[in-house]
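Summary of the model geometry
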Amino acid sequence: MSLEAYAIYKNYGEVEALHNVDLVTERGEFFTLLGPSGCGKTTLLRIIAGLELPDSGTVMLTGGNVTTLPANERNVNTVFQSYALFPHLTLFENVAFGMRSRRLTGSVVTEKVMAALAMVHMEDKKDRLPSQLSGGQKQRVALARALVNEPEVLLLDEPMSALDAKLRHAVQAELRQLQQKLGKTFILVTHDQEEALTVSDRIAVMRQGRVVQCAPARELYERPVNRYVADFLGKANIIAGRRAEGGVETELGLLRLDSPPTWEQGELAIRPENIVFHPERPAVNGLRARVSEAFYRGDRVEVWLEPGNLRMSAAPRRGIAKGDEIWIELLPSALVPLHE
Amino acid sequence: MSSQHHLVWNGELTTRLRLIRRGMYLAAPGMLWILLFLALPSVLLIVVSMTTRGDYGQIEWVFSLDNFTRLMGYSSYGWSADYLWILFRSVWVAFWTTLVCVLLAYPLCFHIANRAPEKRYFWLTLIIIPFWTNLVIRAYAWLLVLAPQLPLAKFAAVLGIIPDGSPLYPSAFAVYLGMVATFLPFVAMPLYANVEKLDWALVEAAKDLYAGPARIFWHAIWPQTVPGLSVGITLTFIPAMGMFVVPDLLGGAKYMLVGNLIQQQFGTSRDWPFGAAVSLALMVLTLVGLHIHRTKGGEGGVA
Amino acid sequence: MRRFHWLVPFLAVGSLAFLYVPLLAIAVYSVNASRFGLTWQGFTMKWYQRLFANEQILEAAWNTLFLAGVSTIIATVLGTVLAIGLKRYPWSRRVYAMLDINLHLPVVTPEIVFAAALAVAFGLLRLVFSVFEPGMLNMVIGHVTFQVSFVALVVGARLASISTDIEEAARDLYADNAYIMRHVMLPLLKPGIVGGAMLAFTLSLDDFVISFFTAGPTSVTLPLYIYATVRRGVTPEIHALSTLALCATVILVMLSERITRKTNKE
C-alpha cells in the first residue's frame, strides 16, 4: 500500500469539494483522478500533497498517518499545472532545490541532479533559466525537480494541459515509460479521458466531489457503471429497456447480454465499435437498420442508424453509405447495464 | 486533528491566529509610522484649525470656528472675497494646467509610439528626465527664459504687453507656463503606457466606416487610453492645486495660490491655526476632486 | 509606422522643446562670464570652480545625500516588510481596506497639507521633547513617511506577480519559512525592492516642500539652498549647481533604465 485516503470531506463555504472520498493506491501503480473541472480532483491531490487540509478524513502514506503533516515534511512531491519553476534559479538549482532546502551539500547533490536532468534529457541545458525553455522542456524540468527527491508518491496536477496536442501524445508515452522504469507510484489529475486511458493502471472517475467509479483503465471503458462514466470516457449508445426473460426488452427488440442487469427497468450502454456489420441476419441481437448519415473519418466511418438513433463505427472498406439498409449485431458481451 | 484551528496557507500548515499575528508584526512598523506621522498629525491639524493665534504667534487653546469664517471672507472689517478667490484660482489653474497638459500629451505620445521600437527608449527618456529634475530648478529656469534681455520678453515689449526692459514675471502667464512644463511629463508618462499598446485595428475599422478624425479619436482611440489618462489627470490635478514653488517663484504676490497662502501662514505670518484651516480646505478640495474623478472615471471606463 | 497629420510631430517636438529650452538656458548661463544680468559675455568655468569652493553648497550637498540615504534605507526596510505583511496574509476584508487606505494616505495627501500637518505635529511635540527642533531628524521622519508608502506599493506590485504556486512548490520541496524567505521570496522581490528604493531615493532628492517645512538652519538641502538663493536674484553659481544636478538626473535616469531593462530580461 502506497497512499491511502479514507473518508475525506472538504467544503469551501457552501461548496462541497469532496464528499466521503476513499482512495487506495498500490505501490508502483499509475493512478489517475479523472473528471471535469470543479469535480474535486485537484483538491484531493492538494490534500495528498499537504497543500490543503481536509475537513475530516485520514491520509496515510506507507502506512503512517500524514493527515496533519506539513507539506514540507511529506515524502511526496508534486508537478504543478503551471510547473511553478523558480524563475530566478538555473535548471540545475531548480532541481537541486529540494536537497538544498534539506541542507544537503556536496557531490551527492551534483550527481543526483545531473542524473535527474539526464533522465528527462535536459542535462545540456542545466545552466539555462526557466524563461529560456519551451513548455515541454519546463514540464520535464518540473518532473526532474520532483523525482530527484525520490518521493514515495509523485503527484501530477494536469501536467500536460499547457502542451499542444501532438507534443502531449509524445509526453504521455514518455511519462508512462518513465513510471514503469522507476516503478514509483504516480497519481495524475486530468480532465482528458484519452490521456487517462493511455497512461493509467487504474482510474478514479470523479463527479461533484465524489468518486463515481474506480477501476482499471480497460474495465472502466468497457464496463462503465453509469451513464456519466459511459459518456465521459468515449462515446456510448444508451438504450432504455425493461428486464425480460433471456435479456432486456427495448425499442430495438429483445437484446441478450452476457451480464444480466440487477434492475427491472433501466438503461444499457454499448460502444459504437461494438455494433458490428453483418452481411446477413446475425444469430443474436440482430437488427435491420437504415443508414441515416455516414461520416468518413479516415481510419473509420461513423455511421448513424435508424431505428434507435444508434451510432456505429465501421471500417471504411465496408463501403457503407447513406441510405443503405444493413444488418447489424449489438455484441452481447459488450452490452452493459448501467446503474444510477 | 481539527480544521477549525489549523489551515494550510500557501503551503504552510499553521493557524489563522499565527498567520494574522505574523502579518501584524510585518505590517505594523510601516503602518504605525504612517499613522504616527501622517494620520495623527492630520487629526492635530483639524484640532489646531479650531484654535486661536496668540499675540506672539503661539497657539491659544481657545476653540472656535473663527478661522473658517475668516477663510469664507468675514472679518471685523466686513466681507472680502480674497481668500475664496485664492481657493477658486487654485482650482482654476489646476483645471487649465491639466487640460493643456492632456492636449499636449496626446500628440507627444503618438509621436513617440510611432518611432521604431529601439528608438522609443531615447524619446521616452526625454520625458523622464524633466520628470525627475528638481522642481525648484525647473521653475527657476523659467525665470531665466522670461528675463527682460531674452527674445520672449523683448517680443512682448514690442507688442506693448509689458514695458520695455521688464521681465515677463511675475504674472499669471508665467505661472501657467511653469505649471504646464512641470506637469506635462506627469500626464505623458502614464498615457504613453496605453498609447504604446493601442489596438490600431479599431482605428482601421473606424476608417473603413468613413469616420472623421474627431469620431475616430473619440470612439476608437480615447476609450483605449482612459486608464493611463486617468492616472495622469490624478497625478496632475491634485498636486497642481496645492502647488507652491511655481506660483511662488513665477507669480509672486500677483498670482497667489492656496499653497502660497498656507506657506505664508506657517512662515512670515506665524498663524498656524489659520494655516491649518486653509490646509483643511485644500484637503477637502482634493477629496472632492478625487471623488469626481472616481465617479467620472468609472463612466469613462464603461464607454 | 503610421502617418499622422503634420500637427502631431510638430506639437510633439514643440512640447519637448518647451520642456528643454529652460533647462538649456540654465546650462548656457552656467558658463556665461557675466556676473550680473543675462547678456552673454563669453565662456567661463569659474562658476563651477566657485561652486566647489562654496562651503555652504558643499554642506547642503552632503545634507541632501545624507537625508536621501538614511531615509531611503529606513523606508525600504519598512516598506518591503509592510508589503509582505499586507499582501501575503489572510486579513479580513474590512481590516485590509483600512490598512490599504492608511497606506495610500501619503500618496493622495497634497504635499503642502502633509507638510503643514508635520509642522504642527513637530511644533507640539517640541513642547515635550526638545529633539524635535526643526532639523535633520524631522526631515528624515517626514521623508520616510511618504517614501514608505511608495516602496510598499512598488514591492506590493512585484509581490502580486509572484504566484502562490511558487511558494507552494518550495514548500512541497521541503523548504521551511526561513529558507523560502531567503532563497525564494527575497530574490524574486529584488527588482521591486531595488526599484522602490531608487524611487524613494529620487523622491527624497527632489523633495522641496516637506524639507522646507521641517528643515532647521543646519540641515539645509540643495533644493532649499537653491530656492533661498534664487529668491534673492540671479546667481551664476546656482546655474552651475543646477546644471550639475541636471547631469546627475540624466545619469540616474539612464542608470535606472539600464537596471530595469536588465531585470526585465531576467
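None of the values given here were measured: they were computed from a predicted structure.

Criteria and cut-off values
Residues numbered from 1 in each chain as written. Chains lettered and ligands numbered in written order. Predicted model: local features only at pLDDT ≥ 70, side-chain atom pairs only at ≥ 80, totals over all residues. Heavy atoms only, no water. Salt bridge = Lys/Arg side-chain N within 4 Å of Asp/Glu carboxyl O. Buried < 20%, exposed > 50% of the residue type's maximum accessible area, 1.4 Å probe, protein only. Helix = DSSP H or I, 4+ residues; strand = E, 2+ residues; numbered from the N terminus. Contact = heavy atoms within 4.5 Å. Polar contact = N/O pair within 3.5 Å; in protein donor to acceptor, adjacent residues only side chain to side chain. Core = buried A, V, L, I, M, F, W, Y, C linked by side-chain atoms within 4.5 Å. Domains from an automatic or database assignment. Expected span 1.5 Å × (residues − 1). Arc of directions from axis to C-beta. Pairing = 2+ DSSP bridges. Axes fitted to C-alpha atoms, helices over the stretch in contact; angles between N-to-C directions. Buried area = accessible area lost by both parts, 1.4 Å probe. Parallel < 35°, antiparallel > 145°, perpendicular 65-115°, else oblique. Nonpolar A, V, L, I, M, F, W, Y, C, P; charged D, E, K, R; others polar. pLDDT = per-residue confidence, 0-100. Left-handed = near helix turned anticlockwise from the far one by under 90°.

Enumeration over the complete set of coordinates arrives at 25 salt bridges over all chains. One salt bridge in this structure joins A:Asp299 and A:Arg300, with 3.7 Å as the shortest N-O distance. On the basis of relative accessibility, which here comes to 62%, the residue A:Asp299 falls in the exposed class. Within this structure, A:Arg46, A:Glu52 and C:Glu168 form a network of salt bridges that share partners.

Mapped onto the fold, C:Asn102 is located in helix α4 (residues 93–108). The class for C:Asn102 is buried, based on a relative accessible area of 9%. Along the backbone, C:Asn102 and C:Arg171 are 69 residues apart, and their C-alpha atoms lie at a distance of 32 Å. Setting aside residues up to four positions removed in sequence, C:Asn102 forms contacts with B:Met31, B:Ile34, B:Leu35 and B:Ala39. Separated by 3.2 Å, the side chain of C:Asn102 and the backbone oxygen of B:Met31 make a polar contact.

Moving on: the nonpolar core. A:Leu33, A:Phe86, A:Phe97 and A:Ile187 are the most contacted members of the largest nonpolar core, which has 210 residues in total. When residues in this core are grouped by element, the largest group, 14 residues, is from helix α3 (residues 82–113) of chain B. Taken domain by domain, the makeup of this core includes at least three residues from each of domain 1 (1–35) and domain 2 (75–299) of chain B. Every residue in contact with A:Phe86, bar those within four places of it in the chain, is listed here: A:Asn94, A:Phe97, A:Pro130, A:Arg145, C:Ile166, C:Ala169, C:Ala170, C:Leu173 and C:Val184. Formed by 33 residues, the second largest nonpolar core is a distinct cluster that contains A:Met122, A:Val148, A:Met160 and A:Leu178.

This part is about helix α3 (residues 107–119) of chain A. All names here are of chain A. The end-to-end C-alpha distance of α3, which contains 13 residues, comes to 18 Å, matching closely the 18 Å that a straight helix rising 1.5 Å per residue would cover. Listing the buried residues of α3 in full gives Val109, Val113, Ala116 and Leu117. Along α3, the residues classed as buried sweep out an arc of 100° about the axis, all on the same side. Taken together, the buried residues of α3 touch α2 (91–100) and α4 (135–147). His121 sits one or two residues past α3 and shows a positive phi near 60°.

Here the focus is the side chain of C:Gln147. All names here are of chain C. The topology assignment puts Gln147 in helix α6 (residues 136–160). A polar contact of 2.8 Å, which involves the side chain of Gln147, links it to the backbone oxygen of Ala200. In contact with Gln147, other than residues within four places in its own chain, are Ala68, Ser71, Thr72, Ala75, Ala200, Phe201 and Ser204.

What follows covers the sheet that holds strand β6 (residues 76–79) of chain A. Residue and element names in this part refer to chain A. Ordered by their spatial adjacency, 6 strands build an open sheet running β6-β7-β8-β3-β9-β10, and the pairing between neighbours is mixed. Edge positions in the sheet fall to β6 and β10 (210–216), since each has one partner strand and no second. On average, adjacent strands in this sheet sit at an angle of 20° to one another, irrespective of strand direction. Pairing between strand β9 (residues 202–207) and β10: 6 bridges, direction antiparallel. Residue pairing for β10: Arg202 is matched across the bridge by Pro216.

Right, let's get into the environment of B:Val246. All names here are of chain B. By the secondary structure assignment, Val246 is in helix α10 (residues 245–251). A relative accessible area of 0% places Val246 in the buried class. When the C-alpha atoms of Val246 and Met179 are compared, they prove to be 6.7 Å apart, with 67 residues separating the residues in sequence. Here Val246 is in contact with Leu135, Ala139, Val175, Gly178, Met179, Thr182 and Gly251, once residues within four sequence places are set aside.

Glancing now at α2(A). At 3.6 residues per turn, the α-helix brings residues three or four places apart onto the same side. When you tally the buried positions in α2(A), you get 8 out of 10 residues, the bulk of the element. Listed in full, the buried residues belonging to α2(A) are A:Leu91, A:Phe92, A:Asn94, A:Val95, A:Ala96, A:Phe97, A:Gly98 and A:Met99. On its buried face, α2(A) is in contact with α3 and α4 of chain A together with α7 (164–172) and α8 (177–206) of chain C.

All names here are of chain C. Take Thr80: it is sitting in helix α3 (residues 55–87). In this structure the side chain of Thr80 is engaged in a polar contact, spanning 2.7 Å, whose partner is the backbone oxygen of Thr76. Residues contacting Thr80, with those up to four places away along its chain left out, are Ala75, Val151, Val155 and Ile193.

This part covers the interface of chain A and chain C. Chain A puts 26 residues into the contact, and the matching count from chain C is 17 residues. For the pair chain A and chain C, the summed buried area comes to about 2,000 Å², and 59% of that belongs to carbon and sulfur atoms. Looking at the side of chain A facing chain C, the largest losses of area belong to A:Asn72, A:His88 and A:Phe97, adding up to 29% of the total buried there. Counting across the chain A and chain C interface gives 1 salt bridge. Every element with two or more residues in the side of chain A that touches chain C is listed here: α1 (41–49), β6 and α2 of chain A.

Listed as interface residues are 80 residues of chain B and, on the opposing side, 89 residues of chain C. Carbon and sulfur atoms make up 78% of the surface buried where chain B meets chain C, a total of about 8,000 Å² over both sides. The interface formed by chain B and chain C holds 2 salt bridges in total. Note that B:Glu12 is salt-bridged to C:Arg171, the shortest N-O span being 3.9 Å.

This part takes up the packing of helix α1 (residues 16–49) of chain B against helix α5 (residues 111–126) of chain C. Between α1(B) and α5(C), the least distance of the axes is 8 Å, while the angle of their chain directions is 80°. Classified by the angle between their axes, α1(B) and α5(C) sit roughly perpendicular to one another. For the pair α1(B) and α5(C), the contacting residues are B:Phe37, B:Leu38, B:Pro41, B:Ser42, B:Leu44, B:Leu45 and B:Val48 in the first and C:Val113, C:Phe114, C:Ala116, C:Ala117, C:Leu118, C:Val120, C:Ala121 and C:Leu124 in the second. In terms of residue class, the contact of α1(B) with α5(C) is made up of 14 nonpolar, 1 polar and no charged.

In this section: the confidence of the model for chain B. Chain-level statistics for chain B give a pLDDT mean of 88 and a share of 96% at 70 or above. In the predicted assembly, ipTM is 0.91 and pTM is 0.88.

It is worth spelling out the packing of α7(C) against α8(C) at this point. Residue and element names in this part refer to chain C. Between α7 and α8, the shortest axis-to-axis distance is 10 Å and the interhelical angle comes to 145°. As α7 runs across α8, the sense of the crossing is right-handed. Counting all contacts with α7, which are made through Ile166, Glu167, Ala170 and Arg171, the residues of α8 involved are Asn177, Ile180, Val184, Met185 and Leu188. For the contact of α7 with α8, the per-class residue count stands at 6 nonpolar, 1 polar and 2 charged.

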